[in-house]
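# Fold and geometry: a report
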Amino acid sequence: MTQVIAVAVITVLAVISPGADFAMTVRNSYLYGRTAGLLAAVGISLGVLVHVAYTMLGVGLLVTRSPALFTAMKLVGAMYLVYVGIRTFTARTRLDIDLSDRTGLTPWQSLRTGFLTNALNPKTMLFVVSTYAQVVTAGTPVARQIGYGLFMSVAHLAWFSLAALFFSNETLRARMLRRQAVLNRVIGSVLVGLGVALALTPSA
């Protein structure tokens, strides 16, 4: 029971802490609408399962003990965040509040954006690996390990779905869209800043 409580507390704190996944959810929700935001949330939760899968297979232990491999993964994730941040910061096309013409991101693009944000996110990688390292032992049943991973994924889905619903609210979204040039620069700067910070953070 202690292990279950530990996983729950660590997961909740990790999920609600601001990061690239939150910035991406806000970006998709206010720019492209509720569906795009919710699909990004689904993608984010699926990205968590990538880290859970290789951690359970033991690759997570290798990552923590191989500075070169960790650095490579960290730089790939950082470059992705910087790329999306620059694209958002330099966006010149002003989107309309009415998206009934289906312009903007396709469902696949929305899902992929969320997925890549967490699949390439070193913060999520460290959260998953460190949590499993603390609570999983040789005697921990595989079913329980899978349960931990599913809880982490569902927690991300629930939190970021709420964020998507909030930031895609029509009244709030209309106000944000009227100021989208400023918001694009703020969100873009946050994403670039996160990417640069991750790239410069020592691996050790």
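Right above here is the structure, for reference.
Everything in this summary refers to the structure shown in the same document. Keep in mind that this is a model prediction, so the values were computed, not measured.

Further remarks concern the overall build of the protein chain. Helix and strand counts for the protein chain come out as ten helices and zero strands. Reading the protein chain from its N end, one meets helices and strands in the order α-α-α-α-α-α-α-α-α-α. For the protein chain, the share of sequence-separated contacts (at least 6 apart) that also reach a separation of at least 24 residues comes to 90%. Accessible area of the protein chain: about 10500 Å², with a carbon and sulfur share of 71%.

Quick look at helix H2 (residues 20–32) now. When the terminal C-alpha atoms of H2 are compared, their 18 Å separation across 13 residues agrees well with the 18 Å that a helix rising 1.5 Å per residue should span. Where burial is concerned, most of H2 is hidden: eleven out of the 13 residues are buried. Among all positions in H2, only Ala-20, Asp-21, Ala-23, Met-24, Thr-25, Val-26, Arg-27, Asn-28, Ser-29, Tyr-30 and Leu-31 are buried. One or two residues past the end of H2 sits Gly-33, with phi positive at roughly 105 degrees.

On to empty space enclosed by the protein. Which parts of space are left empty comes out when a probe the size of a water molecule is rolled across the atoms. Applying the stated criterion across every chain, the model contains one cavity of 30 Å³ or more. Taken as a whole, the largest cavity encloses approximately 40 Å³ of empty space. Taken together, Ala-14, Asp-21, Lys-123, Thr-124, Phe-127 and His-156 form the lining of the largest cavity. Grouping the amino acids of the lining of the largest cavity by side-chain chemistry returns two nonpolar, two polar and two charged.

A cluster of nonpolar side chains, namely Ile-5, Val-9, Val-12, Leu-13, Ile-16, Phe-151, Trp-159, Leu-162 and Leu-165, defines an oily patch on the protein surface of about 790 Å² accessible area. Where the nonpolar patch is concerned, the elements lending two or more residues are helix H1 (2–16) and helix H8 (142–167). Counting residues per element, the nonpolar patch draws most heavily on H1, which supplies five residues.

As a packed pair, helix H7 (residues 122–135) and H8 sit with axes 12 Å apart at the nearest point and diverge in direction by 145 degrees. Crossing geometry of H7 relative to H8 is assigned as right-handed. Two secondary-structure elements touch here, H7 through Phe-127, Val-128, Thr-131, Tyr-132 and Val-135 and H8 through Gln-145, Tyr-148, Gly-149, Met-152 and His-156. Across the contact of H7 with H8, the residue classes break down as six nonpolar, four polar and no charged.

Within the secondary structure, Thr-113 is located in helix H6 (residues 107–119). Looking at Thr-113, the relative accessible area reads 11%, which means it is buried. In this structure, Thr-113 is in contact with Met-24, Arg-27, Asn-28 and Tyr-80, ignoring residues within four places of it in sequence.

Structurally, Val-15 is set in helix H1. Once the C-alpha coordinates of Val-15 and Ala-155 are considered, the two residues, 140 residues apart in sequence, prove to be 7.2 Å apart. If we ignore the near neighbours within four places in the chain, the residues touching Val-15 are Ala-155, His-156, Trp-159 and Phe-160.

Criteria and thresholds
Residues numbered from 1 in each chain as written. Predicted model: local features only at pLDDT ≥ 70, side-chain atom pairs only at ≥ 80, totals over all residues. Heavy atoms only, no water. Helix = DSSP H or I, 4+ residues; strand = E, 2+ residues; numbered from the N terminus. Contact = heavy atoms within 4.5 Å. Areas by Shrake-Rupley, 256 points an atom, 1.4 Å probe, with all protein chains shown as cover. Expected span 1.5 Å × (residues − 1). Buried < 20%, exposed > 50% of the residue type's maximum accessible area, 1.4 Å probe, protein only. 1 Å grid on protein atoms, 1.4 Å probe; cavity = no way out; pocket = protein on both sides within 12 Å on 5 of 7 lines; lining within 4 Å. Points joined across faces, edges and corners; volume = space filled by probe spheres on them. Nonpolar A, V, L, I, M, F, W, Y, C, P; charged D, E, K, R; others polar. Patch = residues over 30% accessible without salt bridge, like charges linked within 9 Å, V, L, I, M, F, W, Y side chains within 5 Å. Salt bridge = Lys/Arg side-chain N within 4 Å of Asp/Glu carboxyl O. Axes fitted to C-alpha atoms, helices over the stretch in contact; angles between N-to-C directions. Left-handed = near helix turned anticlockwise from the far one by under 90°.

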